[in-house]
Amino acid sequence: MSDVTAEVAGKPSSVPESARFPLVFGLDTFGDRNGDADGKPVTHAQTIRNVVAEGVRAEQVGIDFFGIGEHHTDYFPMPAGDVVLAAIAARTNRIHLGSAVTVLSSDDPVRVFQRYSTLNAISGGRAEVILGRGSSIESFPLFGYDLADYEELFEEKASLFAELLKGGPVTWEGTTRPPLYHQDVVPHTESGPFPVWIGVGGNPQSVIRAARLGFRLALAIIGGNPARFAAFSQLFQKALEKFGRPPLPVAVHSPGHIAPTDDQARDEFWPRWLELISLVAPERGFAIPTEESFTWETGPQGALYVGSPETVARKIAANLRALQATRFDLKYGMPGLTHEMLMTNIELYGQQVIPRVRELLAPAPPGPTSSGST
Amino acid sequence: MEGAMATLPRLSVLGAGHVGPVVARLATRAGYPVAIAASGDPGNLALVTEMLIPGAEPRWAADAVADADMVVLAMPLHRFLRVDPSLLADRLVIDAMNYWPATDGVLGDFEDSAGSSQIVARRLAGSAVVKAINHIGYHELEQNARPAGSPDRRAAGVAGDDPVAVAAVGEFVDRIGYDPVRLPSLEAGQVLQPGGPVFGLVLRRPEFERAIGAEPATAGPPGPHVLAQAQSGRGE
């Protein structure tokens, strides 16, 4: 009864997952601080204005979703993505707009609901939220939370968020925020709950939680062979069944960069990728990438979508199929890339990659039936 | 320790987050009897076990440990601090955990020049603690596992103060798909920690041995590296 998501296709269970939901293609950014033509970083403010322009361009070239991930660093100066999304909403009509992700554990679920239901109002029902942790661990000390409490914070706040989405007065009690008693939380949405996803990296219990709360599943795959997540996709549908919920779509989020040729994409992306990972590696325990490891990650087995439109389209199609996912969100950009490079990436994604993926997925793949047009 | 093929040691994995299920799956495939436990009711793990770790048995932690020959600690370190050491007394314990203040928060108990496994061993005075399986990302552990004799087999460090325990864990690591590189003490095992020369890398034996003899900054060429752990990107 507490299905918190909109339009769920109640098709018979014999229909394969991939045919249940329409294909959706999105872009995500962390507000990666742009470089200028000489490689010097532009200001935070200019980067933010560029993101607005990128979101508007995304709609013009046919992209379905534009997401902004919360971050609080000099190279990702994007703590208030919902404000930026509102600016994009005012200049667009069709594209869906959401967080990617909202770091719910260090936020107040009531305020997150209010901000995104406001965005939903401004955009005429185009808001979405992806809840998770992201790499935005910097929000914990900033707002006075202890990372050791992460699990408890997320569990409790995600449950409250599910209650808020239902739309009626909320009565709730927990340990991470003051209780609510018959609290009417405004603004009300016009047409029911907006779509909510949980971003999952590799913890199967997070998959179960998404199913239990009735949230959609977004698989964050930023390294290693994406195929290993197929089991998570199946686990999610099984868990939904167990909780008596209808099937829900699965999305894949992965980083990448598209340029006219494979070589150009690689040449633009690799130095910035190396620089970023080298910067965060000491505190995050990452290994420093090498050209060899980068080649592996950008190859057919790896998680990075760097290349020409054809290369990237083939990889997206293969992985959507393997993971029984119907949505792909490309995390575009990297600190130091220019706004012009990002606009080219966006145009190639919208005008060439997406149509090509649709084409590749249109004929019946081996096994499942054709994803019939609606 | 039973040596015969037919009676592999009983393994219990404590932790069902990122790492635990992967280790449990590798061990189940290698023929070990495996139990897995999280902090609560094993009923909550039923679906995860059925779908992701077929053959393993979800149990209450205390029951799982009571029947185990080897226990894998695959929980966040701050959770480990809540574990009653007497639960693990007289057990062979594989410490697959890492201290990562930037990701998991600062833990006073681990702000120490000693390695995290040495601190774990201090708390578990009645157990034999071996550091292993901590330095390969959970997302890579499975895709790089290879049977003995494979040309592209990768190495995994096994460090501990008790040579019998190190030998036993070395055999386990070997059976789940890695070439064990034994280190003579938990102190020596500090090279396996975050920030160390092999952390996050999946190296062949010669490269691994060269790396742990070298400065962290000049680690050998890595194999298919993957930087990700779940906390990055969008993952919750």
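About the thresholds
- Here, residues in each chain are numbered from 1, in the same order as that chain's written sequence.
- Labels are handed out in written order, letters beginning with A for the chains and numbers beginning with 1 for the ligands.
- For a predicted model such as this one, the threshold for reporting local features is a pLDDT of at least 70, and the threshold for listing and counting side-chain atom pairs is 80 or more; totals across whole chains, interfaces and linings nevertheless cover every residue.
- Values reported for side chains reflect all heavy atoms of the structure, with hydrogen atoms and water molecules removed beforehand.
- Residues count as neighbours in contact if any of their non-hydrogen atoms are within 4.5 Å of one another.
- By buried area we mean the combined loss of accessible area, with a 1.4 Å probe, across both parts when two parts are placed together.
- When a carboxyl oxygen of Asp or Glu lies within 4 Å of a side-chain nitrogen of Lys or Arg, that pair is called a salt bridge.
- Under the rule applied, a polar contact is a pair of N or O atoms within 3.5 Å (in protein, one hydrogen donor and one hydrogen acceptor; residues adjacent in sequence only if both atoms are side-chain atoms).
- Each helix is a run of H or I in the DSSP string that is no shorter than four residues. Each strand is a run of E no shorter than two, and both are numbered from the N terminus.
- The pairing criterion for strands is at least two bridges between them, as found by DSSP.
- Axis lines are fitted to C-alpha atoms, over the contacting stretch for helices. Their N-to-C directions set the angle, which ranges from 0 to 180 degrees.
- Residue count minus one, scaled by 1.5 Å, sets the expected span of a helix.
- A residue's bend is given by the angle between axes fitted to the 7 residues ending at it and the 7 residues starting at it.
- Under the scheme applied here, a residue whose accessible area is under 20% of the maximum for its type counts as buried, over 50% as exposed, and between as partly exposed, the area being computed with a 1.4 Å probe on protein chains only.
- Stacked, tilted and edge-to-face pairs are distinguished by plane angle, under 30 degrees for stacked and over 60 for edge-to-face with tilted covering the rest, among Phe, Tyr and Trp rings (Trp via its six-membered ring) whose centres lie within 6.5 Å.
- Cation placement over rings: the criterion is NZ of Lys or CZ of Arg within 6 Å of the ring centroid and within 35° of the ring normal.

Draft legend 1. Expanded view of the interface of chain A and chain B. If you look at the interface, chain A gives 56 residues, while chain B gives 41 residues. Both faces combined, the contact of chain A with chain B buries some 4000 Å², and carbon together with sulfur accounts for 60% of it. The interface formed by chain A and chain B includes two salt bridges. Its salt-bridge partner being Glu152 of chain A, residue Arg79 of chain B comes within 3.8 Å of it at the nearest N-O pair. Run the count over chain A and chain B and you get three residue pairs in polar contact (both at pLDDT 80 or more). Among the elements of the structure, strand E5 (127–132), helix H6 (150–166), strand E8 (196–200), helix H7 (204–213), strand E9 (216–220), helix H8 (230–242), helix H9 (262–284) and helix H10 (291–298) of chain A are those that each provide at least two residues to the side of chain A that touches chain B. The element best represented in the side of chain A that touches chain B is H8 of chain A, accounting for seven residues.

Draft legend 2. Main features of the sheet that holds strand E4 (residues 70–73) of chain B. Residue and element names in this part refer to chain B. Pairing within the open sheet is mixed, and its eight strands lie in the order E3-E2-E1-E4-E5-E6-E7-E8. Looking along the sheet, the strands with just one partner apiece sit at the ends: strand E3 (57–58) and strand E8 (179–183). Here strand E2 (residues 34–37) runs beside E3; their pairing, made up of two bridges, is parallel. Paired with Ile36 across the strands is Pro58, a residue of E3. On top of the sheet, helix H1 (residues 20–29) reaches strand E1 (11–14), E2 and E4; it is set at about 170° to E2, its chief contact. Sheet contacts for helix H6 (residues 116–123): E4, strand E5 (92–95) and strand E6 (128–132); angle to E6, the most-contacted strand, approximately 160°.

Draft legend 3. Quick look at helix H12 (residues 339–361) of chain A. For H12 of chain A, with 23 residues, the first-to-last C-alpha span of 31 Å sits near the 33 Å given by 1.5 Å per residue. By the largest-angle criterion, Tyr349 of chain A marks the main kink of H12 of chain A, which is about 40°.

Draft legend 4. Structural context of the environment of Leu131 of chain A. All names here are of chain A. Topologically, Leu131 is positioned in strand E5. For the pair Leu131 and Ser105, spaced 26 residues apart in sequence, the C-alpha separation works out to 9.0 Å. Setting aside residues up to four positions removed in sequence, Leu131 forms contacts with Val101, Thr102, Leu104, Phe154, Phe161, Val196, Trp197, Ile198, Gly199 and Phe215.

Draft legend 5. Molecular detail of the side chain of Ser123 of chain A. Residues and elements named next belong to chain A. With respect to the helices and strands, the residue Ser123 is situated in the loop between helix H4 (109–122) and E5. Among the residues examined, Ser123 registers a relative accessible area of 7% and is labelled buried. A polar side-chain atom of Ser123 sits 3.4 Å from the main-chain carbonyl oxygen of Asn120.

Draft legend 6. Region of the structure containing the packing of aromatic side chains. Residues and elements named next belong to chain A. This model, assessed by the stated rule, comprises 14 aromatic pairs over all chains. The interplanar angle of 45° and the centroid separation of 6.2 Å between the aromatic rings of Phe66 and Tyr332 together place this pair among those described as tilted. A residue pair is termed long-range when its members are at least 10 positions apart, and Phe66 in strand E2 (residues 65–68) and Tyr332 in the loop between strand E12 (327–331) and H12 qualify at 266 residues. The burial state of Phe66 is the same as that of Tyr332; both residues are buried. Clustering of aromatic rings is evident, with ring pairs tying together Phe269, Trp270, Trp273 and Phe294. The ring of Phe65 carries Arg327 above its face, with NZ or CZ at 4.0 Å from the centroid. Geometry around Phe30 places Lys331 over its ring, the cationic atom sitting 4.7 Å from the centre.

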